[in-house]
Structures are given as structure tokens and as C-alpha cells.
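# Architecture at a glance
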Amino acid sequence: MKLDNIYKEEKKSNFAKVSDIIITMASRPSGFIGLSILVFHVILAFISPFIAPYDFKAINPSLMLQAPSAEYWFGTDDLGRDVFTRTILGGRTALTITFFGSLIALLWGGLLGIFCGLVGGKTDDIVMRIVDAFLSIPWILAMLLIVSLLGTSTEVLIPALGFFYGKGIVRVARAATHDVIAKDFIVSARARGHSNFSIIWNEIIPNVRDAILVEGAMRWSWMLLGFSSLSFLGFGVSPPTPDWGLMISNARGLMSFAYWSVIAPIVGLSSLIIGINLTADAFAKALGIDRSTKAPV
Amino acid sequence: MTVIIQKVKNLSIGFKSKKGEEILILKNITTNIKKGETVGIVGESGSGKSTLALAMMGYVKHGLYTIGGECEFNSSNLLNMKSKDLEKIRGRKIAMIPQNAGQALTPNLKIGYQIDEALQLHSDLNEKEREKKISELLNKVRLPSPETIALRYPHELSGGQQQRVAVAMALAGTPDLLLLDEPTTGLDVTTQAHVLELLNFIAKDTGTSMVYVSHDLGAIAQVSDRIIVMYSGEIVLEGPSRDILKKPIHPYTHGLLKSIPKLSLAGLPESMPGSQPQPGTIQGGCSFFDRCNFSEEKCKNNSPELEFLKEFNTSVRCFNYEKLLKEGEINQNVNKIKNNSQDKEILNLSDISISYAKQKLLDQIFNRITDDNPTVKDININIKKGETIALVGESGSGKSTILKSIAGLLRTKDGLIRFEESRNLSSDLKERNPNDLRIIQLIFQNPDESLNPNHTVEEIIAQPLKLYFGLKGEELKKNIIDLLQKVRLGEFYISRYPRQLSGGEKQRVAVARAFAAKPDIILCDEVTSALDVSVQAAVLNLLQQLKEDFGTTYIFVSHDLAVVRAISDRVAVLYQGRLCEVGPSNDVYKFPSHPYTEVLLGAVLEPDPDIKPKLVAEDIVEEKPPEKGCSFQGRCSRIVGDICKKEIPPWQLTDSGNAIRCHIPIKELQKEQFK
């Protein structure tokens, strides 16, 4: 039969699927730019300790607030530390903490959302009201409370950020599950007598995975901004560890006469956020989800 | 002389594929619409019929573009007209009636206001005149008390009434050409017949030309003077309606008409092999070659031209039409189905009631259901092993509801579901053991929804095998391939996703999944209504074959009486969740019958211009079953008096063992209906 010819597309390996998605993402200008920025930052985070020209914590009062030069590319800060060294190292902590934070947010937010969407009824009502209640608490205040009680170690920051950014994912995952749950294949699985776990794992997750992943990618950039705000307020990483938020906070008073010490971390932070945002959008488009029509919940 | 109002010349519409190839949706279409005639465009999904109809009002869907040709209306080409100029034509000269009027009407505006909007745009009447015109239009589409209807919102009207409003809006601009895109497809059989009758009346009354697009040859047969048959973007046959339906000279139309089940014939019609090719896959040669019974070697590489036969006033695209000319009038063969039913009872529904009413708090706490007037009430059916019993009725008759309860998806209010005379099945899934779940399997209406789009065929069929029999590895695979072969799909389908399959193939996979559980009973919920006509017969034949092989019992729910006639041994007719008539299918389709069955049978549309539907009852839609008396009292034309409103009618047996629930004695019913 002739029909067979066009349906040659066979089941693809997971690797092939992922590379397909990346190729589609990179085929749009915005996706290409976003991916390049993100990849640049990730590579930089890995190699920066090896390429950093100076010691990030070496204080030298005689070199205070030097303008950019051939020796100190981005100049020096108020303690005479090299701004270039501190800038390329400054993204590492933020990137790692928020990456794992987003994973945690995805995991608990996604699973709880799917579960609520599937069981519905009273359980759903109660859980969602609790989530709503948490949504109404300004996260930064709650974060400050947690950090001041438990300290600013990575083991505290990652789960805390993961928790606060997962609340929104609960709603998205629940809404996506509601779209799927009415379909006959779920009814069919129920009628066959599959367990809730089996229905979630086999029937729902493959159909809501894309929406949740895209949401997670967006949350990553928000979390990065949030984490940097914490650092800015002095509740993120502690000095002398280089961090963009901290650097901006330290140098903001010097902006009028030593702009270089504040510009570099700002460019670093905003380019990473723009990179993640563009990548997330391209990712959504490559998966066929149009974020422009669906506002985040 | 006849005036041609719309000329379609060499029209080709298509899109560019990812690889940059030009793929044609419409190929070189040439046809004319004359003044005052009704043209039916018939074809399966994907044949390009809607694209053609939209092009006739100068609209090309997003993503498609015109490759060549023109649509000429009033000697100007609509397809390259500016949108400013098009606005003056659309609605005023050419109007469109959409498929789903419920979605086409703005939900938050009153009916009168919406018609007024159309009038403001398309006429020069002042406010007073418009008000008069609105009730005139509503009157014309035969809506009761136009003044009150005009003040209602769309959701307060039934589907048929909404469709009438859409017709009224289209008529507001007194158009020369009316395009109707599947206007009756979503409606109930009785409503459909009424709307078609109205369209016929309007065509005669106003002299408007109509283009009626549908997949349903039955509906087309009732309205059109001329029929255009489309197949994969081409016109394959065009000619006077009667000739095309009685003596089709194109093999596709010939096969199609043979494969449609008819009320007058009990048994399964012959099926047509294969399905329509996807656009862009035909490499030269006739597009129907794969499925044709008359094809020759030359059809493979040469594609036939549309040839005009003057003596028949018909155009045909086939090299071998002469073979069909000799055959003359179409002669439908059906394979009589074997009645496999045994004496042993397999499922017994006794006094089943089901309620959708929201329960009071107290009842929720005590986990009980109270409702004096439940949606489904007093269902008593005894199902024998190996038989096919059909539940028939319009939407809202409770047929799917009953099916859900049997499957354990919906709790019943009262009543027992008894399996094999001994075991009671709970209507709650959680209380059934795995074996009880296995013995009853479901096949759904729409295979697009019932198959998980992210699973391959292998994963889909593996689910019941793993769940019920714990199969693994090689054995699992062997079983899957075995099942695929049973539903006539090859082994290579195993790694495909549902989106890579045609509608018929998807439904076969769904059938394979149901049979994988080795069930005793299969519940079929409108299994063929989402399929194309030419595929429907093949799926019905397959179901029948599997039933004969495995001795399965089918409970078959459908609104299509002809399909039910073809496949079922016994029929139960439902109205408002109450049984009206139960009996062997031969007898249900014969008089005497329950007045509701009579209405249903009368409204069936057959693809035959000589069989006109009989409109017995009004097409009112009742929201709730009456609290007392006969369920059909609100629409019955044979009502005998107060007794129908006060007392539940008794069951009466006819001579052939057919049970009818009516106050009128069987003898009298017989006399009345044979008149």
C-alpha cells in the first residue's frame, strides 16, 4: 500500500528525540541566541576556576577602584579585587543552586499537581487551598525568615527555593492534568482497573511532561532573579564568595565614579536570565506549546 | 437560460511541506453553481470539501494558499479581492451556515441582538423595520414564538433551535448563495430531518442557491439537485443527484453507496478496503487506484481526466466508467449476520436507576443517592451470551450512562448488575476484583481520544496483557502481534504512534486492546460514528467476525439506526432514560412499534432520493424526564389522554416477542401505523 511510505517515522530513541528538539530550538534566531547564551554561561561556570587570572579573594588596598585596563580587564573593586575574576566566578553558585532548586520545584510541584488533578474531590480542594495560602505569602519574607533561622548554607537554600518556586508549578501541572484526565484513554485505563500510580506514570505524565518542563524552565530564570535578590540583601551566599547579587549590592554606592564594578555583574546576571528565558520559550515552541496564549498561573 | 452565479475555474489550493514541496489539498477544481440550485458536495474527511466551500466565499484557511485558478462571483475573482470588497459580499451576497451553531453564536448576546447585528451590516433597514424583520426571519426558520426567542441567550436553545437561528442569521442579508458546512452533523436524527426539511423549504421559497457540504450521503440525498463527489482533493463524479445515488458510475461512489448500512436491509454491507490517501502521497496514477475493484494496469500510472458525458449530464473521473454503466442501478449485497446467542444469560440488569443530581450533604455523609426522578430509571434487560444487543436513542436518552454503570464508571442509584446468573457486579470499580474488571471491556467512540497519543501501538495493546495476564518479553510481543493480525493490521504497526494511523486503523487498535483482555462482554460506545463512511462498514465487519470467533457479547450503543440494524440481534429503544421497546432487531424495525421508535425510524435519512423522512413528532428537546406517566408524553403524537400523563405504561408483548411499553393496545398501534 502506498500509505505505508509516508508513515515511515518509526519509534525514536530518547536521544534522537532530545536532539530533534534541540535542533528545532536552534533553528529559530531567538532560540539560537538563548541557547548560545545559556551554553556559554554553563561552560563558563565549569571552566572559570581554571581560567581566572587572579585570586578572587586577594585584597590589595593599593589597587582600589582601578578603571579597566589591559591588566585588570573589568577594573578592580573597592577592596582592590579583580572584577573580571569575580564576575566569571560569580555565576557558579547562583547557577548551581537555582538549577537544583528548580529540579526540586519541578518534582514536588509537578507530582503534587498531577496527583491533585487525578484524584480531584475533597483531597484536591484541601491541597489546593493550602497551596493558595502559601501563594499569598510574599516569598522573600518567608525566605528571609528561613535563612535567618537555618543559615545560608546550600543545603538550606536549595530546598527552600525549590519549595517556594514549586507552588506555581502545582497549579500548572494540575491544569495540564485536567486537560488530559477527561480523555477516553484515562477512562479506559480506569475501567481496566489500573492503579492510580500506574495511571499517573503511564498515561498522564507522558502527556503533561512537556507543559511542566517548560514551566520549570521559566521558573528557573525567576528563581535566579530571586536568589540574586537574596544575595543582594545579604541573605544568599556569604562574602567573600563571589556572587553577582552580592557584587551589585556592594558596588551600588560606587556607581557614580566606579561604574565598572557594578556593570559587569549586572551584564552577567541579566544575560543569563535572558538566555534562560529565550531558551525556555524556544523549548516551548519546539514542543508545540504556545506560551503567548497561556499566561503562567 | 440558467444563470451561473459562482464559477470555480481550475482551482488549486495547497500548502508547503517542511521540505518545501507543494502539497495540493484541492486539485484543479472546475465547477459552476447555478442560480436556485442546491449542490451537495460529498466526501470523506480530508477530501477537501470544506476547503472548496470556503474558497467559494473567498476564504482560504490559515496555512493554505491558492496555487492557481479562481472563484468567480459576479464576474470578479473572490480569491484576489481586497478584504474591504470581500466584506461587501460575505454575509450579504454569500452567507455561510457553520457546522456547530452552538459555537458560532456568541454566548453572551441575545439571539435578537445577534440577528440585528447581521441586519445592520447587511441591510439598509431602520430600527423599526429591523425589529419586524427579526421576527419575520425567526418565523421563517419556524421557531416558536419569535418574540420570546429573540430575548433568549444561545445556551437557552436546543441544538436544533441554535441551528435554525444560524440559518436565520445567514438569511438576514438575503444572500444569493448559501454555503452550508455539515449543518446537521451534530444534531439528533429527528432534529436533523426537521432542519433539512426547513432548508428545502427555504431553497424553494427564496430561490437561493445552496452549496451543501457533508460526509453524509443520506442528508445530501434529501436536499441536493446536483451532487459533487470529492476524493483526495479531486472531483471524481458530478451530476444530477438521482443518477449519482441510484446509478453511480465512479467506483468510489459505487463502493461507498454499497457500504452504507440501510434500514431496509438486515445484515452487514460489503466494506471498501483501505482508506483515503493522505495529501501529497499519490505518485501519479488514479488516486483511488489502491481501493478500486475495477482498476487496470493503466490506472496505476495514468490519472484519468474528468470527462463530461453529455447524455447523462454527468462528469466522471475514471477510465472504466462504462463497466459501471452496464451494471445500472446499484445492487447492495449484505452478509446476514449469524445469531450466536445462546440460552445462557451473561448479564442481567434489574431495576437499574442512575442519577446525576447533586446530592444533599446528609446523603453525601451517608454515601447514598436520593433522587425521585433519576436520569435513568427502571432498566431491566436480560442479555444472553453471544448476542449483540443495541441500546438506541437520541442524545440524552441515557444509553451511554447505562454503559458507564455496567463498566463500573458510574454508581447506580438502585438495581443490580448480575453476571452469569450468579455474581453481582458492583457499579463501583473499586469494589470489583481484577477478574470482574477483565470480563467487561470498553471500545470508545473517538479513537483519537481513547488511545494515548504518547504511546506506541505496542504499548497500548500491552497494557491489558500486562495487567491481567502478567505477560512479559517475547510472549507479550507474540500476543500483541497476534492481536494485531486478528484486527487485520500488520506486524509493522507495532512501533507506530496513533497520530501515524488513519481513523479506521486507530479504531482497530482500540478493538485489539479490548480483545486483549479476553473479555466476555464488550461495551461499544458509538464505535463507528467518528469514522468515515467507507471505513465504517469495515470496522463493523471486523467486530462481527471477532464476535463469531470468540463468542463475545456486545452491548452496542448507537444513535444510528441503520448501523444498529446491520449488526445487532436485539434492540432496546430508550427515551429519557426509560425503556420504550425491547425486542429482536427484525421486529423492532417492523410495525407495530412504540410511538417513539416510529419517530426515530421515520427520521432516518437514507441515501436515496425516493425515501423521504417522515416527520411525525415535533423536534422539541426535553431537559428532564416527566415525573409521572409515560416518558414520551411530551412529544408523542398518539397520546390517548390523561392516562399517558399519569400512569407509567405497561409492557405489552407483540406476536413476535417484541415488548412495547405503551398505553395503546398493540392491535390499535398496528392499525394506526399501517395506515
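Residues numbered from 1 in each chain as written. Chains lettered and ligands numbered in written order. Predicted model: local features only at pLDDT ≥ 70, side-chain atom pairs only at ≥ 80, totals over all residues. Heavy atoms only, no water.

Once that is clear, we can look at the overall build of chain B. Each helix and strand in chain B was counted, giving 26 helices and 26 strands. A compact globule built from 675 residues would reach a C-alpha radius of gyration of about 26 Å, and chain B, at 26 Å, matches this within 12%. Projected onto the principal axes, the alpha-carbon positions of chain B cover approximately 75 × 65 × 50 Å. By the burial criterion, 58% of the 675 residues in chain B qualify as buried. Excluding contacts between residues fewer than 6 apart, the proportion of contacts in chain B whose partners are at least 24 apart in sequence is 69%. (Helix = DSSP H or I, 4+ residues; strand = E, 2+ residues; numbered from the N terminus. Rg over C-alpha atoms; globule rule 2.2 N^0.38 Å. Buried < 20%, exposed > 50% of the residue type's maximum accessible area, 1.4 Å probe, protein only. Contact = heavy atoms within 4.5 Å.)

On to the sheet that holds strand β21 (residues 521-525) of chain B. Residues and elements named next belong to chain B. On the basis of which strands lie adjacent, the open sheet formed by eight strands has the order β20-β21-β22-β17-β23-β24-β26-β25 and mixed pairing. Edge positions in the open sheet fall to β20 (440-443) and β25 (651-653), since each of these has one partner strand only. Across this sheet, the average inter-strand angle for adjacent strands is 20 degrees, counted without regard to direction. (Pairing = 2+ DSSP bridges. Axes fitted to C-alpha atoms, helices over the stretch in contact; angles between N-to-C directions.)

Turning our attention to the domain arrangement of chain B. Residues and elements named next belong to chain B. Split by domain assignment, chain B resolves into domain 1 (94-174), domain 2 (225-336), domain 3 (345-561) and domain 4 (578-674). Each side of the interface is counted separately: domain 2 has 14 residues, and domain 3 has 11 residues. With both chains or domains summed, domain 2 and domain 3 bury close to 910 Å², and 63% of this area falls on carbon and sulfur atoms. When the buried surface of domain 2 facing domain 3 is broken down by residue, L268, S271 and S275 rank first, second and third, together holding 40% of it. The interface formed by domain 2 and domain 3 contains zero salt bridges. Our count for the domain 2 to domain 3 interface comes out at two residue pairs in polar contact (both at pLDDT 80 or more). Taken together, the residues of the side of domain 2 that touches domain 3 sort by class into seven nonpolar, five polar and two charged. (Domains from an automatic or database assignment. Buried area = accessible area lost by both parts, 1.4 Å probe. Salt bridge = Lys/Arg side-chain N within 4 Å of Asp/Glu carboxyl O. Polar contact = N/O pair within 3.5 Å; in protein donor to acceptor, adjacent residues only side chain to side chain. Nonpolar A, V, L, I, M, F, W, Y, C, P; charged D, E, K, R; others polar.)

What follows deals with the pairing of strand β9 (residues 226-231) of chain B. Residues in a regular strand project their side chains so that they alternate between the two faces of the sheet. Residue and element names in this part refer to chain B. With six of its six residues buried, β9 lies for the most part within the structure. Of the two faces of β9, the one lined by R226, I228 and M230 and the one lined by I227, V229 and Y231 are each fully buried. By the bridge criterion, four bridges tie strand β3 (residues 38-42) to β9 in an arrangement that is parallel. Among the inter-strand pairings, V39 is bridged to a residue of β9, identified as R226. Bridging between β9 and strand β10 (residues 234-240) involves six bridges; their strand directions are antiparallel.

Here we take up the sheet that holds strand β18 (residues 414-419) of chain B. Residue and element names in this part refer to chain B. An order of β16-β15-β18-β19 is seen for the four strands of this open sheet, with the pairing classed as antiparallel. The strands lining the two open edges of the sheet, one partner per strand, are β16 (376-384) and β19 (423-425). On average, each strand axis in the sheet is tilted by 20 degrees relative to the strand beside it, whichever way the strands run. Relative to β16, strand β15 (residues 345-354) runs antiparallel, the two being bridged by six bridges. Among the inter-strand pairings, I354 is bridged to a residue of β16, identified as V376. Along the sheet face, helix α15 (residues 399-407) touches β15, β16 and β18 and points at about 120 degrees away from the line of β15.

Right, let's get into the side chain of T528(B). Its location among the elements puts T528(B) in the loop between β21 and α21 (533-550). Classification of T528(B) as buried rests on a relative accessible area of 5%.

The subject of this paragraph is helix α5 (residues 127-140) of chain B. Counting along an α-helix, one turn takes 3.6 residues, and residues three or four places apart therefore face a common direction. Residues and elements named next belong to chain B. If you check α5, its first and last C-alpha atoms are 20 Å apart, about what 14 residues at 1.5 Å a residue would give, namely 20 Å. Among the residues of α5, those classed as buried are R130, K133, I134, L137 and L138. Within α5, the buried residues cover an arc of 130 degrees as seen down the axis, which keeps them to one side. Turned more than 90 degrees from where α5 packs its buried face, K128, E131 and K132 sit exposed. Considering only its buried residues, α5 is in contact with α4 (111-122), α6 (146-150) and α7 (159-171). (Expected span 1.5 Å × (residues − 1). Arc of directions from axis to C-beta.)

What follows concerns the pairing of strand β17 (residues 388-392) of chain B. Residues and elements named next belong to chain B. Most of β17 is tucked away: five of the five residues are buried. Residues T388, A390 and V392 point to one face of β17 and I389 and L391 to the other, with burial holding for every one of them. Taken together, the five bridges between β17 and strand β22 (residues 553-558) define a ladder with parallel strand orientation. Along β22, the bridge assignment pairs V392 with S558. As paired strands, β17 and strand β23 (residues 570-575) are joined by four bridges and run parallel to one another. Note that in β23 the partner of V392 across the bridge is V573.

Opposite the 33 residues of chain B that make contact, chain A presents 24 residues. Here chain B packs against chain A, burying approximately 2,900 Å² in sum over the two surfaces, 50% of which is carbon and sulfur. Here chain B and chain A share zero salt bridges between them. Viewed at the interface, chain A and chain B are joined by 11 residue pairs in polar contact (both at pLDDT 80 or more). Mapped onto the side of chain B that touches chain A, the elements with two or more residues apiece are β20, α17 (447-450) and α18 (457-469) of chain B. Ranked by residues supplied to the side of chain B that touches chain A, first place goes to α18(B) with five residues. Each residue belonging to the side of chain B that touches chain A can be placed in one class, and the counts come to 13 nonpolar, 14 polar and six charged.

Once that is clear, we can look at the packing of aromatic side chains. The tally for this structure, following the rule as stated, stands at 15 aromatic pairs over all chains. On the basis of an interplanar angle of 85 degrees and a centroid distance of 5.2 Å, the ring pair of F134(A) and F163(A) is categorised as edge-to-face. Taken together, the residues F134(A) in helix α5 (residues 121-135) and F163(A) in helix α7 (residues 154-181) connect sequence positions 29 residues apart. Assessed through its relative accessible area of 31%, F134(A) is described here as partly exposed. These aromatic residues form a ring-pair network of at least three members: W108(A), F134(A), F163(A) and F164(A). It is R142(B) that lies over the ring of F201(B); its NZ or CZ is 4.7 Å from the centre. Positioned above the aromatic ring of F469(B) is the side chain of K518(B), whose terminal nitrogen or guanidinium carbon lies 4.5 Å from the ring centre. (Phe/Tyr/Trp six-rings, centres within 6.5 Å; stacked < 30°, edge-to-face > 60°. Lys NZ or Arg CZ within 6 Å of the ring centre and 35° of its normal.)

Turning our eyes to something else, we now look at helix α4 (residues 83-119) of chain A. Over its 37 residues, α4(A) runs 54 Å from end to end, which matches the ideal 54 Å to within 8%, given 1.5 Å per residue. Positive backbone phi, approximately 60 degrees, marks G120(A), located one or two places after α4(A).

Residue and element names in this part refer to chain A. Running from amino to carboxyl end, helix α8 (residues 184-192) crosses helix α9 (residues 196-232) at an angle of 175 degrees, the nearest separation of the two axes being 11 Å. Taken together, the axis directions place α8 and α9 in an arrangement best described as roughly antiparallel. Residue-level contacts link F185, I186, A189, R190 and R192 of α8 to I199, E203, I204 and N207 of α9. Split into classes, the residues belonging to the contact of α8 with α9 amount to five nonpolar, one polar and three charged. (Parallel < 35°, antiparallel > 145°, perpendicular 65-115°, else oblique.)

Now for the confidence of the model for chain A. Residues and elements named next belong to chain A. When pLDDT is averaged along chain A, the result is 82, and 93% of the positions lie at 70 or above. Of all helices and strands in chain A, the one with the weakest mean pLDDT is helix α1 (residues 3-6) (41), whereas α8 scores best (90). A low-confidence stretch, residues 1-9 (pLDDT under 50), is modelled with 17 contacts involving residues beyond four sequence positions or located in other chains. In the model, residues 293-297 has pLDDT below 50 throughout and makes eight contacts with residues more than four positions away in sequence or in other chains. (pLDDT = per-residue confidence, 0-100.)

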